[in-house]
Amino acid sequence: MYYNENTVIFLDGKFIKENETSNSLYSQTLHYGYGAFEGIRSYETINGCRLFKPDEHYQRLKKSCELVGIPFNYSVDQLTTLTYELLEMNGLTNAYIRPLVFCDPNMSLTKPNNVSLMICAWEWGAYLGDKQLRLSLSSFCRPHPRSMKIEAKICGHYINSILATTEAKEKGFDEALLLDSDGFLAEGPGANLFFEKNGKLFTPQTGNILPGITRSTVLELAREKGIDVEIGHFTLTDLTNADHAFYCGTAAEIVGIESLDEFVFPTSWENSLAKQLSAMYSALVYEKIPLETSKC
Ligand code: PMP
């Protein structure tokens, strides 16, 4: 699904066939989850193939590395150019791009001297599907911000996400909702949470969540549309008093939430702010406004 015998990836300065790579089994990333990654989308827009917010994603990748002491020297411009080249080589336009910074062999718990960069891409539909989600409250909480650099997108953090999603799916739900370690609403395993009440939007503040690029985009779109937004600490009761809720993220885009365990949100997707924001998001990523020429 992610690659075939023709797939080209970028690895350490070269574009090579995926099936010609070999990497050390002694990487700190493999053993300890000590690596950083991104998830970016490209869209076949009316102006050609475009990465959505590449600067924000590659700045976050650099910041993630910096926060945990992983040396990583590529510039945002270099990374963006390489990504467009990779898409072109693989004949991809509507794609999901996964850059991964992984560490050299080192079995000790110290910072690496050298790292590798891998960028791969594949076609990926909406990560959480296009149906309204049935969520279950997770028995796991998001990592405490004093145990991790929570604002960094670090490989090891995703064990928490995998545990939460697996638990929800094993109970027959689509996805999990996680609280923070103080019991306030946090986020999904791979997406940020918004909820709506009386025409107003609410979303958890940063500090215990990944500050999503889609979350920022939704905040920009809400501002543009004149929708009031409150960012803060919210409780489960706030959520179950809401009219509607949605998740957002690069892979998931904007997806409505139908229910949380036995609680069903009273407002349908059709009548939600989420639907309006989703249409605006789509117009934005597909550049429905004429811009310059195609890049790939
Ligand atoms: N929270 C978590 C835990 C995530 O993994 C993601 C996906 N990167 C998000 C939120 C959404 O972030 P973004 O909008 O930048 O993709």
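Residues numbered from 1 in each chain as written. Predicted model: local features only at pLDDT ≥ 70, side-chain atom pairs only at ≥ 80, totals over all residues. Heavy atoms only, no water.

Right, let's get into the overall build of the protein. When helices and strands are counted, the protein shows 7 helices and 16 strands. When its C-alpha atoms are laid out on the principal axes, the protein stretches across 55 × 50 × 30 Å. Buried residues in the protein amount to 51% of all 296 residues. Residue pairs at least 24 apart in sequence account for 71% of intrachain contacts in the protein once pairs closer than 6 positions are excluded. For the protein, the exposed area adds up to about 14,000 Å²; of that, 51% sits on carbon and sulfur atoms. Looking at charge distribution, the protein has the averaged site of its 26 positive side-chain charges lying 2 Å from that of its 37 negative ones. (Helix = DSSP H or I, 4+ residues; strand = E, 2+ residues; numbered from the N terminus. Buried < 20%, exposed > 50% of the residue type's maximum accessible area, 1.4 Å probe, protein only. Contact = heavy atoms within 4.5 Å. Areas by Shrake-Rupley, 256 points an atom, 1.4 Å probe, with all protein chains shown as cover. Lys, Arg positive; Asp, Glu negative; His and termini not counted. Charge placed at Lys NZ, Arg CZ, Asp CG, Glu CD.)

Note on pairing: side chains with opposite charge can pair once their charged atoms come close. Within the structure shown, the criterion is met by 8 salt bridges. Between R60 and E38 there is a salt bridge whose closest N-O contact spans 2.7 Å. Residue R60 is found in helix α2 (residues 54-68), and its partner E38 is found in the loop between β3 (35-37) and β4 (40-45); the two are separated by 22 residues along the sequence. Of the two residues examined, R60 and E38, each falls in the buried class. As a salt-bridge pair, E287 and R50 come within 3.7 Å of each other at their nearest N and O atoms. A residue pair is termed long-range when its members are at least 10 positions apart, and E287 in the segment after α7 (273-285) and R50 in strand β5 (residues 48-51) qualify at 237 residues. With a relative accessible area of 13%, E287 lands in the buried category. (Salt bridge = Lys/Arg side-chain N within 4 Å of Asp/Glu carboxyl O.)

The terminal C-alpha atoms of helix α5 (residues 213-225) lie 18 Å apart, and with 13 residues this matches the ideal 18 Å at 1.5 Å per residue to within 8%. Where α5 is concerned, the buried positions are I213, T214, R215, T217, V218, L219, L221 and A222. Immediately downstream of α5, the backbone of G226 shows phi near 75°, a positive value. (Expected span 1.5 Å × (residues − 1).)

It is worth spelling out a nonpolar patch on the surface at this point. Taken together, the side chains of L25, Y26, L30, Y32, M107 and L109 present a nonpolar region at the surface, about 710 Å² in accessible area. One can find M107 in the loop between β6 (95-103) and β7 (115-122). M107 gets classed as partly exposed once you look at its relative accessible area, which sits at 37%. (Patch = residues over 30% accessible without salt bridge, like charges linked within 9 Å, V, L, I, M, F, W, Y side chains within 5 Å.)

All right, on to the nonpolar core then. Counting 28 residues, the largest nonpolar core has Y58, F72, L87, I97, L117 and I119 as the members making the most contacts within it. Where this core is concerned, the elements lending two or more residues are β5, α2, α3 (76-89), β6 and β7. Broken down by element, the residue count for this core peaks at 6 residues, all from α3. Counting residues in each nonpolar core, the second largest holds 20 residues, with L135, F195, A242 and A252 among its members. (Core = buried A, V, L, I, M, F, W, Y, C linked by side-chain atoms within 4.5 Å.)

With that out of the way, let us pick up the domain arrangement of the protein. When its domains are assigned, the protein resolves into domain 1 (8-122) and domain 2 (133-284). A straight line from the C-alpha centre of domain 1 to that of domain 2 covers 26 Å. At the junction of the two partners, domain 1 supplies 20 residues and domain 2 supplies 19 residues. Carbon and sulfur atoms make up 65% of the area that domain 1 and domain 2 hide from each other, which totals about 1,700 Å². Sorting the residues of domain 1 by area buried against domain 2 places F37, R60 and L67 first, and these three jointly supply 34% of that buried surface. At the boundary of domain 1 and domain 2, one finds 2 salt bridges. Between R41 and E253 there is a salt bridge whose closest N-O contact spans 3.9 Å. Counting every contact that joins domain 1 to domain 2 gives 10 residue pairs in polar contact (both at pLDDT 80 or more). Those elements giving two or more residues to the side of domain 1 that touches domain 2 turn out to be β3, β4, α2 and β6. Broken down by element, the residue count for the side of domain 1 that touches domain 2 peaks at 6 residues, all from α2. Per-class residue counts for the side of domain 1 that touches domain 2 are 9 nonpolar, 6 polar and 5 charged. (Domains from an automatic or database assignment. Buried area = accessible area lost by both parts, 1.4 Å probe. Polar contact = N/O pair within 3.5 Å; in protein donor to acceptor, adjacent residues only side chain to side chain. Nonpolar A, V, L, I, M, F, W, Y, C, P; charged D, E, K, R; others polar.)

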